[in-house]
Amino acid sequence: MTFDLVLSGSDLLLLAPEIFLTVWLCVVLAIDFSIKNLDHENIAYLSVGGVIATLLNLLWFDYLGVTGTLFHDMFVLDRLAIFFKIFVLLSTVLVILSSIDYVKSFRFFRGEYYFLVMMSALGMMFMASAHDLLSVFVTLEFSTFGFYVLVAYLRDDVKSNEAGLKFFILGVFAAGLLAYGVSLVYGETGTLVFSEMAHTPGSYGLAIGFLMIFAALGFKIGAVPFHSWIPDTYHGAPTPVTAFLSIAPKGAAMAILIRMFYVALAAFKPTWVLLFVVASILSMTYGNIVAIAQKNIKRLLAYSGIAQIGNVLIGLAAGTKRGSDAILFYLLTYLFANLGAFAVVIGVGNLIKSDEIEDYNGLNRRSPFLAAAMLIFLLSLAGVPPLAGFIGKLYIFVAAIDQELYTLLAVGLINIIISMYYYLVVVKKMYINEPVDPSPIRVSIPIKTVIYVGLAGTLILGIYPRPFIEWVVAATLMFSNVTDMVAAALPHGSGG
Amino acid sequence: MTVPLWYYLVLSGLIFLIGLVGVLVRRNIIIILLSIELMLNATNINFVAFSSYLGNLAGQVFVFFALTVAAAEVAVGLAIIIALYRHRSSINVDEFRLLKW
């Protein structure tokens, strides 16, 4: 048996964004090492420039409609992959911008911080293209290694180290589960490529294998019951890293989940739908109820993130083309609202050195801009019209109604009301309570930029979502026959 | 006489379970790290066994990547453990309760 690897220039073109970013991040690291006394802000802007150039490259690919596969179907560039790569890079740009002030408080290794952020982003770009269980394993670990270091980055802070340790142990444990699951699936199907698995008969080995893979990806997206690392890691990690961790890996892991369940396991849809229904109900309910008791804003956003992932999983529970559209759109609305809220937390935290919700008392007096921005982001996360979160939730619920998942719909609606409570508690503290220290809070230009981008995204997606909906519908066009595949697998059944 | 496939599967299943229980039960971080290595190596036995049984090389390729990933994992993990040890002079997970576990 032989393996032949033929690569032509036009094949490598499909990898152009990744190759460019790889070269760029090596250059950034080399510059950081070789030029003494270079201000880390310059490194940050250099990194932002490279990531934006990659982003533009991908937008151009999307416009041209460049698609293709590489390395025996291990790497696929289609519109879904392009969407998630743009998603990851957009969050990377916003995270790097909101890090600049925070990095000033590091005593060493300021330049390497940006290198590691871009390295993780590169790993997640490959995750979006993974079309094979080997590339799923390698890219997942690739992106997580950067995060292990980033979470424990504050070397002198015990909290950060402890968060890093917890994240590391549970992350590697998940990797062990993933690898073992992949080995079982390989034994049952004899292949690692998703599209070649599509026609294998069901068996216990396959079921156990995919359950293990689902558990490992569940760790990544932080769905209940695999969420135990989320609150501690979010709390202890440097705040910009928390912001990055709360959005980009979830998006990239969602890309793998969608691809795996829609392509490799389309025939078993009636079985896995149940899995997602349960995970979704547990995540929404647990996340929202525990969030009420939180005293720290990072922990509050962590639990709210668990609940938001519960909402996203409704789309997978629907298991239709519209379900996947809704997931993509929802993630986009979550990106802007969540990163915006974190930018406010970073801006406030840099000045008052605290993330306790008590310290947000009277934020409106100290900085009306930050308070108003936080209000809009929290309302969008809660799903209040006319903001982005409302359209996202609506879209997800419509996908659920299509599939007559009324229990899920009812749980989702009750959870919106619960979430409204703890978001509004923060709003009340900002607007009604008196500040202990009324000195004004100054916001730096990079953080202001992130907040403006977040506000623009939240408002535009809410008021004029049409072009974005067209974009996500086009990105998942290849799943338009997913229901037919289920029907073909169940000739007598009531599939779907 | 060749060893049948299921011998390998039972062996790897047992090693995987030992690793799993070790992660959940032991309190020393180094032992936890070793248990995770056991889990990853059980995977490798599985892959090699399936690969030779199916006459398909993809499984053996996976083993190389799994070994590399495991090595990188240990490097990062030990670095984090050393950083923690400098603060606490302990590698017992029960000591790390600053954040609600």
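The numbering scheme is per chain: residues are counted from 1 as the chain's sequence reads. Each chain takes a letter, starting from A, and each ligand takes a number, starting from 1, following the order in which they are written. Confidence filtering applies because this is a predicted model: local features only for residues at pLDDT of at least 70, side-chain atom pairs given and counted only at 80 or more, and all residues used for totals across whole chains, interfaces and linings. Note: side-chain values were computed over all heavy atoms of the structure, leaving out hydrogens and water.

### Here we look at the overall build of chain A
A helix here means a DSSP run of H or I that spans at least four residues, while a strand means a run of E at least two residues long, and both kinds are numbered starting from the N terminus. When helices and strands are tallied, chain A shows 22 helices and two strands. Our radius of gyration is a C-alpha quantity, and the globule rule it is checked against amounts to 2.2 Å times the number of residues to the power 0.38. A compact globule built from 496 residues would reach a C-alpha radius of gyration of about 23 Å, and chain A, at 22 Å, matches this within 12%. Principal-axis analysis of the C-alpha atoms gives chain A an extent of 70 × 55 × 40 Å. Among the 496 residues that make up chain A, the fraction classed as buried is 64%. Whether two residues are in contact is decided by their heavy atoms: any pair within 4.5 Å suffices. Sequence-distant contacts, at least 24 apart, represent 80% of the contacts inside chain A between residues at least 6 apart. Under the convention used here, a 1.4 Å probe and the Shrake-Rupley method define accessible areas, while residue burial counts only the protein chains that appear. When the accessible area of chain A is evaluated, it comes to approximately 17200 Å², of which 68% is carbon and sulfur surface. Within this scheme the basic residues Lys and Arg register as positive and the acidic residues Asp and Glu register as negative, but His and the chain ends are omitted. By convention, the point assigned to a charge is CZ for Arg, NZ for Lys, CD for Glu and CG for Asp. The positive charge centre, built from 27 side chains, and the negative charge centre, built from 30, are 10 Å apart in chain A. Per-residue accessibility, obtained with a 1.4 Å probe over protein chains only, is compared with the maximum for each type, and a residue is labelled buried under 20%, exposed over 50%, and partly exposed between these values.

### Details of the overall build of chain B
When helices and strands are tallied, chain B shows three helices and zero strands. Along the longest, intermediate and shortest principal axes, the C-alpha atoms of chain B span 55 × 25 × 20 Å. Taking contacts inside chain B between residues at least 6 apart in sequence as the whole, the part at least 24 apart equals 53%. Carbon and sulfur atoms form 69% of the exposed surface of chain B, whose accessible area is close to 5600 Å². Computing the positive centroid from 6 side-chain charges and the negative centroid from 4, chain B places the two 8 Å apart.

### Observations concerning the interface of chain A and chain B
Each partner contributes to the interface: chain A provides 44 residues, whereas chain B provides 46 residues. Summing both sides of the interface, chain A and chain B together bury roughly 3900 Å²; the carbon and sulfur share of this comes to 80%. Salt bridge, as applied in this entry: a Lys or Arg side-chain nitrogen positioned within 4 Å of an Asp or Glu carboxyl oxygen. Between the two partners, chain A and chain B, sit zero salt bridges. Contributions of two or more residues to the side of chain A that touches chain B are made by helix H6 (133-151), helix H7 (158-189) and helix H10 (230-236) of chain A. For the side of chain A that touches chain B, the per-class residue count stands at 26 nonpolar, nine polar and nine charged. In short, buried area is how much 1.4 Å probe accessible area vanishes from two parts on joining, totalled over both. Classes in brief: Ala, Val, Leu, Ile, Met, Phe, Trp, Tyr, Cys and Pro nonpolar; Asp, Glu, Lys and Arg charged; the others, Gly included, polar.

### Considerations on the packing of aromatic side chains
Residues and elements named next belong to chain A. Classification of ring pairs rests on two measures: the distance between centres of Phe, Tyr or Trp rings, Trp counted by its six-membered ring, which must be within 6.5 Å, and the angle between planes, read as stacked under 30 degrees, edge-to-face over 60 and tilted in between. Tallied over the entire structure, the rule returns 36 aromatic pairs over all chains. Centroid distance Phe214 to Phe261: 6.4 Å. Interplanar angle 90°. Geometry classified as edge-to-face. Of this pair, Phe214 sits in helix H9 (residues 204-221) while Phe261 is found in helix H12 (residues 248-264), placing the two residues 47 residues apart along the sequence. Among the residues examined, Phe261 registers a relative accessible area of 2% and is labelled buried. Judged by centre distance (5.3 Å) and plane angle (65°), the rings of Phe261 and Trp272 are edge-to-face. On the criterion of sequence distance, the pair formed by Phe261 in helix H12 and Trp272 in helix H13 (residues 269-292) is long-range, its members being 11 residues apart. Taking the relative accessible area as the measure of exposure, Trp272 reaches 6% and is therefore buried. These aromatic residues form a ring-pair network of at least three members: Phe214, Phe219, Phe226, Phe261, Tyr262, Trp272, Phe276 and Phe479.

### Looking at the pattern of salt bridges
All names here are of chain A. Counted according to the given criterion, the structure contains 15 salt bridges over all chains. The partner of Arg79 in a salt bridge is Asp62, and the shortest N-O contact between them spans 3.2 Å. With a gap of 17 residues between them, Arg79 in helix H4 (residues 79-103) and Asp62 in helix H3 (residues 40-64) connect regions that are remote in the sequence. Of the residues examined, Arg79 reaches a relative accessible area of 29% and is grouped as partly exposed. The shortest N-O distance in the salt bridge between Arg466 and Glu470 comes to 3.2 Å. With Arg466 and Glu470 both in helix H21 (residues 466-475), this residue pair falls four residues apart, about one helical turn. Note on Glu470: relative accessible area 46%, which makes it partly exposed. Beyond isolated ion pairs, a larger network of salt bridges with shared partners links Glu162, Lys166, Asp232 and Arg299.

### Some points on the environment of Ser246 of chain A
Residue and element names in this part refer to chain A. In this structure, Ser246 sits in the loop between helix H11 (239-245) and H12. Distance in space between the C-alpha atoms of Ser246 and Asn338 is 8.0 Å, their sequence separation being 92 residues. Once residues lying within four places of it in the same chain are set aside, the contact partners of Ser246 are Tyr234, Tyr334, Asn338 and Phe342. In protein, a polar contact requires one atom able to donate a hydrogen and another able to accept it; more generally it is a pair of N or O atoms within 3.5 Å, and residues adjacent in sequence count only if both atoms are side-chain atoms. Within the structure, Ser246 has its side chain in polar contact with the side chain of Asn338 (distance 2.7 Å).

### Some thoughts on the layout of surface pockets
Within this model, the largest pocket holds a volume of roughly 1100 Å³. Space inside and on the surface of the protein is sampled on a 1 Å grid over the protein atoms alone, with a cavity defined as a set of points where a 1.4 Å probe fits but cannot get out and a pocket as an open set with protein on both sides within 12 Å along at least 5 of 7 lines; lining residues have an atom within 4 Å of a point. Along the wall of the largest pocket there are 43 residues; nearest its centre are Phe106, Tyr153, Leu154, Arg155 and Pro238 of chain A. Broken down by secondary-structure element, the contributors of at least two residues to the lining of the largest pocket are H4, helix H5 (110-129), H6, H7, H10 and helix H15 (321-352) of chain A together with helix H3 (58-88) of chain B. Looking at the lining of the largest pocket element by element, the count peaks at five residues for H6 of chain A. Class assignment of the residues belonging to the lining of the largest pocket gives a composition of 21 nonpolar, 10 polar and 12 charged. Grid points are joined across faces, edges and corners, and a volume is the space filled by probe spheres set on the points.

### Digging into the packing of H4 of chain A against H21 of chain A
All names here are of chain A. Every axis in this analysis is a line fitted to C-alpha atoms, fitted for helices over the stretch in contact. Angles between the N-to-C directions lie between 0 and 180 degrees. Direction vectors running N to C along H4 and H21 enclose 130°, while the axes themselves pass 8 Å from each other. One way to sum up the angle between H4 and H21 is to call them oblique. In contact with Arg79, Leu80, Phe83 and Ile86 of H4, H21 contributes Trp471, Val472, Ala474 and Ala475. Residues of the contact of H4 with H21, tallied by class, amount to seven nonpolar, no polar and one charged. For classification purposes, an angle smaller than 35 degrees is called roughly parallel, one larger than 145 roughly antiparallel, one from 65 to 115 roughly perpendicular, and anything else oblique.

### Looking at the confidence of the model for chain A
Residues and elements named next belong to chain A. Scored from 0 to 100, pLDDT records how confident the predictor is in each individual residue. Predicted confidence across chain A gives a mean pLDDT of 88, with 96% of residues reaching 70 or more. Least confident of the elements in chain A is helix H22 (residues 482-489), whose mean pLDDT is 58; most confident is H11, at 93. Contacts of residues 490-496 to residues separated by more than four positions or lying in other chains number six contacts, the stretch itself having pLDDT below 50.

### Points about the nonpolar core
Here is a general trend for soluble globular proteins: nonpolar side chains tend to be buried in one another's company. All names here are of chain A. Here, nonpolar core refers to any group of buried Ala, Val, Leu, Ile, Met, Phe, Trp, Tyr and Cys residues whose side-chain atoms link them within 4.5 Å. Phe84 and Met254 are the most contacted members of the largest nonpolar core, which totals 219 residues. Top contributing element to this core by residue count: H15, with 19 residues. Excluding anything up to four places from it in sequence, Met254 contacts Phe84, Ile221, Val312, Leu313, Leu316, Ile327 and Leu331.

### A short note on the packing of helix H2 (residues 29-54) of chain B against H3 of chain B
Residue and element names in this part refer to chain B. At a closest axis distance of 9 Å, the pairing of H2 and H3 adopts a crossing angle of 175°. Relative to H3, H2 is oriented roughly antiparallel. Here Ile29, Ile30, Leu33, Glu37, Leu40, Asn41, Asn44, Phe47, Val48 and Ser51 of H2 lie close against H3, whose contacting residues are Gly59, Gln60, Phe62, Val63, Ala66, Leu67, Ala70, Glu73, Val74, Leu78 and Ile81. In terms of residue class, the contact of H2 with H3 is built from 14 nonpolar, five polar and two charged.

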